[in-house]
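Observations on chain architecture
Residues per chain, in single letters:
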Amino acid sequence: MVVELALAASAAALATHLRARAREQAALGAHPPIGQIIEVPGGRIHAVQMGAGPDLVLIHGASGNLNDFTMGFAQRLARRYRVTALDRPGLGHSTGGPGLEDPAAQARRLAAAAAALGVTRPIVLGHSYGGAVALAWALAGGPVAPGALVLVSGAAMPWPGGLGPLYPATASRLGRALLVPLITAFAPPGQITSALRSVFAPQPVPPGYGAHLGVGLILRRDTYHLNARQVNGLKPYLRVMARHYPGLGLPVELIHGQADRIVPAHIHAEAAARLLPRAHLTLLPGIGHMPHHVAPDAVIAAIDRAALAMAPG
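Since this is a predicted model, take the numbers as computed values, not measurements.

**Thoughts on the packing of aromatic side chains**
Per the counting criterion, the structure on display carries two aromatic pairs. Ring geometry for Phe69 against Phe73: centres 6.4 Å apart, planes inclined by 35°, an arrangement best described as tilted. On the accessibility criterion, Phe69 (0% relative accessible area) is buried. Classification of Phe73 by relative accessible area gives buried; the value is 4%. On the basis of an interplanar angle of 75° and a centroid distance of 5.0 Å, the ring pair of Phe200 and Tyr209 is categorised as edge-to-face.

Put into structure tokens, the structure is as follows:
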């Protein structure tokens, strides 16, 4: 009986592995890199650059990739900025590795890629988790230090409580071995649709968004696990980072939907605005977590204000 159970478990594990690998290969085939692959210390960064003008860097949030910006938003910005959209380390087509729970480690790789592309004194826009990376980039300074920040629904402050059971489970080694392969192999379309709806709520998901983003890219086993590690490990880094916000002298535009239930405005944007010396806070009534899709004019206006507020370089 024990032998039969062991054989059945092995067969199930193999079937799961094969189905997960097939789904990963299909995702990569459907969504290949659309930009350049930049070699940086520690790995590779996927970057898309378009337009001309002052430098503007776009950093996406958790469970995403740079395609979140290329469904028209980056193209609009490229009319008057040189836009550089980057896949965060371990997501999209950027490689992962150890230590990437630290937003500063991610920022170092992104800054190195930006430098390789000739970016200077950029406005750095970070959405959601990308807001934490943008803040870490500004705190670090360096040769490609931001001239201004725009935090769109940005994760900026430590929050009360936890994240629920899924992130800790999938961030663990045991979860990576047992739970993550099942998600990669068998996550049904209905569950993916529901997840997208929760991210955009109370606004609807734009038609074609999931297909354009390439949801299958985030469901790859290594990517899903690293994304969970990054999100699950973020709060301690924000707790330390927030102590240094009063020393940031650059302009910071914070734009946040008041109906955001993913990264609540009162915990993040409103609290951070009280600490950042040159903060300008814009709250959008009735808007959820994705203003760059559902209220792009307001976000573009914030970017333009940041550009005007930058000291001459």
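There's more to say after this.
**A word on the environment of Gln258**
Inspection of the secondary structure puts Gln258 in the loop between strand E7 (252-257) and helix H12 (269-275). It is 13 Å that separates the C-alpha atoms of Gln258 and Phe200, two residues lying 58 residues apart in sequence. Setting aside chain neighbours within four positions, we find Gln258 in contact with Leu283, Leu284, Pro285 and Ile287.

**Comments concerning the pattern of salt bridges**
What the rule picks out here adds up to seven salt bridges. Between Arg221 and Glu24 there is a salt bridge, and its shortest N-O distance comes to 2.8 Å. Linking Arg221 in helix H10 (residues 221-232) with Glu24 in helix H1 (residues 2-30), this pair joins segments that are 197 residues apart in sequence. A residue is classified by how much of its surface remains accessible, and Glu24, at 14% relative accessible area, is buried.

**Some words on unusual backbone geometry**
Cis rather than trans, the peptide bond between Ala201 and Pro202 has omega equal to 5°. The residue Ser63 is not glycine, and still its phi comes out positive at about 55°. If you trace the backbone, Ser63 turns up in the loop between strand E3 (55-59) and helix H2 (73-77). A positive phi is found at Ser128, a non-glycine position, where the angle reads about 55°. Position of Ser128 among the secondary structure elements: in the loop between strand E5 (123-127) and helix H4 (129-140). Of the residues examined, Ser128 reaches a relative accessible area of 8% and is grouped as buried.

**Let's talk about the layout of surface pockets**
The computed volume of the largest pocket comes to approximately 1200 Å³. Lining the largest pocket are 42 residues, with Ala62, Ser63, Tyr167, Val199 and Asn227 positioned closest to its centre. Secondary-structure elements contributing two or more residues to the lining of the largest pocket are helix H5 (166-171), helix H7 (189-200), helix H8 (209-213), helix H9 (215-218) and H10. Counting residues per element, the lining of the largest pocket draws most heavily on H7, which supplies seven residues.

**Details of the pairing of strand E4 (residues 82-86)**
Most of E4 is tucked away: four of the five residues are buried. As judged from the four bridges shared by strand E2 (residues 43-50) and E4, these two strands associate in the antiparallel manner. By the bridge assignment for E4, Met50 is matched with Val83. Pairing of E3 with E4 involves five bridges; the strand directions are parallel. Counted as the bridge partner of Val57 is Thr84 from E4.

**Here's the deal with empty space enclosed by the protein**
Counted under the stated rule, the structure contains one cavity of 30 Å³ or more. Of the pockets and cavities examined, the largest cavity occupies roughly 50 Å³. Along its surface, the largest cavity is lined by His31, Pro32, Ile34, His46, Asn65, Leu66, Asn67, Asp87, Gly92, His93 and Leu217.

**Notes on the nonpolar core**
If you look at the biggest cluster of nonpolar residues, it comprises 46 residues, and the most contacted ones within it are Ile59, Leu135, Trp137, Leu149 and Tyr245. In terms of residue count, the dominant contributor to this core is H4 (eight residues). Setting aside its immediate chain neighbours within four residues, Tyr245 contacts Leu135, Leu139, Ala156, Met157, Leu238, Leu275, Leu276 and Pro277.

**Regarding the sheet that holds E7**
If you walk across this open sheet you meet the eight strands as E1-E2-E4-E3-E5-E6-E7-E8, and the pairing is mixed. Where the open sheet ends on each side, the last strands, each with one partner, are strand E1 (36-40) and strand E8 (279-284). When the angles between neighbouring strand axes are averaged without regard to direction, this sheet yields 20°. As judged from the five bridges shared by E1 and E2, these two strands associate in the antiparallel manner. Opposite Val40, over in E2, you have Gly43 as the bridge partner.

Calculation criteria
Residues numbered from 1 in each chain as written. Predicted model: local features only at pLDDT ≥ 70, side-chain atom pairs only at ≥ 80, totals over all residues. Heavy atoms only, no water. Phe/Tyr/Trp six-rings, centres within 6.5 Å; stacked < 30°, edge-to-face > 60°. Buried < 20%, exposed > 50% of the residue type's maximum accessible area, 1.4 Å probe, protein only. Helix = DSSP H or I, 4+ residues; strand = E, 2+ residues; numbered from the N terminus. Contact = heavy atoms within 4.5 Å. Salt bridge = Lys/Arg side-chain N within 4 Å of Asp/Glu carboxyl O. 1 Å grid on protein atoms, 1.4 Å probe; cavity = no way out; pocket = protein on both sides within 12 Å on 5 of 7 lines; lining within 4 Å. Points joined across faces, edges and corners; volume = space filled by probe spheres on them. Pairing = 2+ DSSP bridges. Core = buried A, V, L, I, M, F, W, Y, C linked by side-chain atoms within 4.5 Å. Axes fitted to C-alpha atoms, helices over the stretch in contact; angles between N-to-C directions.

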